[in-house]
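Breakdown of the fold
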Amino acid sequence: MKKGSALLRSAVVVIHAGAGVCALFSGLATIAPPRTDDGRGWLRSLYVASLTVLLVTLVVVLAADWNSIDLTTRALFGGLAVVAAVMLYRITRAYEVAGTQGEGWQEQYIRHVAFTYVALWAGFLVIPALRLPYPHLTVPLIGIAVLLIRGTLIDRYKARGLT
């Protein structure tokens, strides 16, 4: 890889990581259904922007590295890109549900946002788990843990009256 290309790739990776950190913090504030007086609109916007930057930078790095990575790595990161696209779809659906406020909108909103937030954490945990001695065990365990955490988050908001 040429020096300029390596520098550009590194910059994109740093932007990706920064967007991920922003999403982790802003996403937590986004899980609760919106209220007109909650003052969290800017955090919701930051979350959506961060998720968008995560997807775009992931695709840019994947495209840049495509010829130098093996098939397994292509499949893994391609899968992560698909999950990121689904996350953007789900957060868009959450906004639509909140905008219409039909019957059961709060639970639907929470389910959409919780999916995106937990998937975000899964992405952060799966990559390091691949470097552990037994990734074929640690990655599925992380998947199970992520699903349990998602259920706990949803149950927490249900118990609080979905607000």
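Residues numbered from 1 in each chain as written. Predicted model: local features only at pLDDT ≥ 70, side-chain atom pairs only at ≥ 80, totals over all residues. Heavy atoms only, no water.

On a plain count of helices and strands, the protein comes out with five helices and zero strands. Listed by position from the N terminus, the elements making up the protein come as α-α-α-α-α. Along the first, second and third principal axes, the C-alpha atoms of the protein reach 55 × 35 × 20 Å. Residue pairs in contact within the protein that sit at least 24 positions apart in sequence constitute 69% of those at least 6 positions apart. Accessible surface, the protein as shown: approximately 9,600 Å² in total, 70% of it carbon and sulfur. Taking the average place of the 15 positive charges on the side chains of the protein and the average place of its 8 negative ones, the gap between the two points comes to 8 Å. (Helix = DSSP H or I, 4+ residues; strand = E, 2+ residues; numbered from the N terminus. Contact = heavy atoms within 4.5 Å. Areas by Shrake-Rupley, 256 points an atom, 1.4 Å probe, with all protein chains shown as cover. Lys, Arg positive; Asp, Glu negative; His and termini not counted. Charge placed at Lys NZ, Arg CZ, Asp CG, Glu CD.)

With that settled, the discussion passes to the confidence of the model for the protein. On average, residues of the protein carry a pLDDT of 87, and 95% of them reach 70 or more. Looking across the protein, the model is least confident in helix 5 (residues 135-159), with a mean pLDDT of 78, and most confident in helix 2 (residues 41-65), with 94. (pLDDT = per-residue confidence, 0-100.)

Evaluated as defined, the whole model comprises zero aromatic pairs. Stacked on the ring of Phe115, the Lys or Arg Arg90 has its end atom at 4.5 Å from the ring centre. (Phe/Tyr/Trp six-rings, centres within 6.5 Å; stacked < 30°, edge-to-face > 60°. Lys NZ or Arg CZ within 6 Å of the ring centre and 35° of its normal.)

Moving on, we come to the nonpolar core. Tyr47, Leu51, Ile91, Tyr109 and Leu120 are the most contacted members of the largest nonpolar core, which totals 31 residues. Breaking this core down by element, the ones donating at least two residues are helix 1 (3-30), helix 2, helix 3 (71-100), helix 4 (105-129) and helix 5. Tallying contributions element by element places helix 4 first for this core, with twelve residues. Here Tyr47 is in contact with Ala23, Ser26, Gly27, Thr30, Ile91, Val113, Thr116, Tyr117 and Leu120, once residues within four sequence places are set aside. (Core = buried A, V, L, I, M, F, W, Y, C linked by side-chain atoms within 4.5 Å. Buried < 20%, exposed > 50% of the residue type's maximum accessible area, 1.4 Å probe, protein only.)

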